[in-house]
Amino acid sequence: FAPVKVAQQSRFATSSMLMATQDELKQQVGYKAVDDYVKSGMVVGLGTGSTAYFAVERLGQKLASGELKDIVAIPTSVRTKEQAEELKIPLVTLDTHSKLDVAIDGADEVDPDLNLVKGGGGALLREKMVEVCADKFIVIVDESKLCDGLGPGFPLPVEITPFCHEHTLRLIANLPTTKGCEAILRMGSSSTNKPDGDEIAVTDNGNYIVDLHFKEPIKDAPKMAMELKNTVGVVDHGLFCGMTTAVIIAGSDGITVKEA
Ligand SMILES: O=C(CO)[C@H](O)[C@H](O)COP(=O)(O)O
């Protein structure tokens, strides 16, 4: 993580943090993101996944207590929308609010330049559409998500149109930058990249997902992002390059914030 500076280091790293469960770590970063970056009057993007869940929970708590006021939020998936509705968080869409103050979301992998792999939960398209419109994009992870190079640690999801999906799968598996990867059509629920069902997984947008499995780290993530995006039949992909403002990381040494 040499190229980014450590902006804050928690002074509260105690032995109890060594024993924190992964869920507790996710809660710590989810809550911290809302506490540090969300102010009254903001338009807030709500991510998807088990870490973003805690940020949504915290936002709901602070609105209910009156600590935050006049917030509107944009969810990045049907399941986040349902959670936010239960918590009575006022929701809007990009159609009425094209500019967000902040978006908060988890990630599947974070590299030393704060490029991300996202979409393990199948929400990559709405996540990217929302997060690219935010003044600040805050990523919340536990330290297991940090990697030296994107790729081998987690498959790269690519959202494709159902029409002739086998053809598109072959195209994206054989781009100059992806050649050699194993491309697997996601089965079961779109929200897990494990082939856990007999039916093809369908995203909130009615599309399919192909998970690209790499043995070696991706050498040039922005180039691969461009090649994937330029492939007709691809809707979007889980490489989030150059979008991150800061990553809040929970680990055994406490909470660290890395800024781009
Ligand atoms: O990109 C995502 C969903 O599409 C999630 O942010 C990503 O999968 C991380 O999820 P989790 O916090 O549950 O590990």
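Residues numbered from 1 in each chain as written. Predicted model: local features only at pLDDT ≥ 70, side-chain atom pairs only at ≥ 80, totals over all residues. Heavy atoms only, no water.

Colleague: Explain the overall build of the protein chain to me, please; I cannot follow it from the model alone.
Modeller: The helix and strand inventory of the protein chain stands at seven helices and 14 strands. Whereas a compact globule of 260 residues would reach a radius of gyration of roughly 18 Å, the protein chain reaches 18 Å, a difference of no more than 12%. Expressed as lengths along the three principal axes of its C-alpha atoms, the size of the protein chain is roughly 50 × 40 × 30 Å. Here the analysis covers contacts within the protein chain between residues at least 6 apart in sequence; of these, 76% occur between residues at least 24 apart. Total accessible area on the protein chain stands at roughly 12,000 Å², and carbon and sulfur atoms take up 53% of it. (Helix = DSSP H or I, 4+ residues; strand = E, 2+ residues; numbered from the N terminus. Rg over C-alpha atoms; globule rule 2.2 N^0.38 Å. Contact = heavy atoms within 4.5 Å. Areas by Shrake-Rupley, 256 points an atom, 1.4 Å probe, with all protein chains shown as cover.)

Colleague: Would you take a moment to explain the nonpolar core for this structure?
Modeller: Most often, soluble globular proteins have nonpolar side chains that are buried together. Formed by 28 residues in total, the largest nonpolar core has its most connected members in V38, L59, I71, V102, I104, I138 and I248. Counting residues per element, the ones that place at least two in this core are α2 (22–37), β2 (43–46), α3 (52–65), β4 (100–105), β7 (134–142), β13 (246–251) and β14 (254–259). Sorting elements by how many residues they give to this core places α2 first, with five residues. Once residues within four sequence positions are removed from consideration, L59 is found in contact with V34, V38, L46, L68, I71 and I89. Counting residues in hydrophobic clusters, the runner-up holds 25 residues, among them L150, I160, V234 and L239. (Core = buried A, V, L, I, M, F, W, Y, C linked by side-chain atoms within 4.5 Å. Buried < 20%, exposed > 50% of the residue type's maximum accessible area, 1.4 Å probe, protein only.)

Colleague: So what exactly am I meant to see when it comes to the confidence of the model for the protein chain here?
Modeller: Any residue range with low pLDDT should be treated as having predicted coordinates unsuitable for detailed reading. On average, residues of the protein chain score 92 in pLDDT, and 93% of them are at 70 or above. Taken together, the stretch residues 1–17 has pLDDT below 50 and engages in 37 contacts with residues farther than four places along the chain or on a different chain. We note a pTM of 0.91 for the whole complex and an ipTM of 0.98 for its interfaces. (pLDDT = per-residue confidence, 0-100.)

Colleague: Just to check I follow, could you spell out the environment of G206 for this structure?
Modeller: Structurally, G206 can be placed in the loop between β9 (182–185) and β10 (208–213). Taking C-alpha positions, G206 is 9.9 Å from E159, a pair spaced 47 residues apart along the chain.

Colleague: For this particular structure, what's the right way to read the sheet that holds strand β12 (residues 239–240)?
Modeller: Hydrogen bonds between backbone atoms are what pair the strands of a sheet, whose relative direction is either parallel or antiparallel. An order of β5-β6-β12 is seen for the three strands of this open sheet, with the pairing classed as antiparallel. Here the strands that pair on one side only, and so sit at the sheet edges, are β5 (109–110) and β12. The sheet contact formed by strand β6 (residues 116–117) and β12 spans two bridges and is antiparallel. Along β12, the bridge assignment pairs V117 with L239. (Pairing = 2+ DSSP bridges.)

Colleague: What's the story with unusual backbone geometry in this structure? I'm lost.
Modeller: Trans is the prevailing form of peptide bonds, just as negative phi is the prevailing case for residues other than glycine. The residue L114 is not glycine, and still its phi comes out positive at about 65°. Looking at the secondary structure, you find L114 in the loop between β5 and β6. Backbone geometry at C164 places phi at a positive 50°, although glycine is not the residue there. Summarising the element assignment, C164 is placed in the loop between β8 (156–160) and α6 (165–173).

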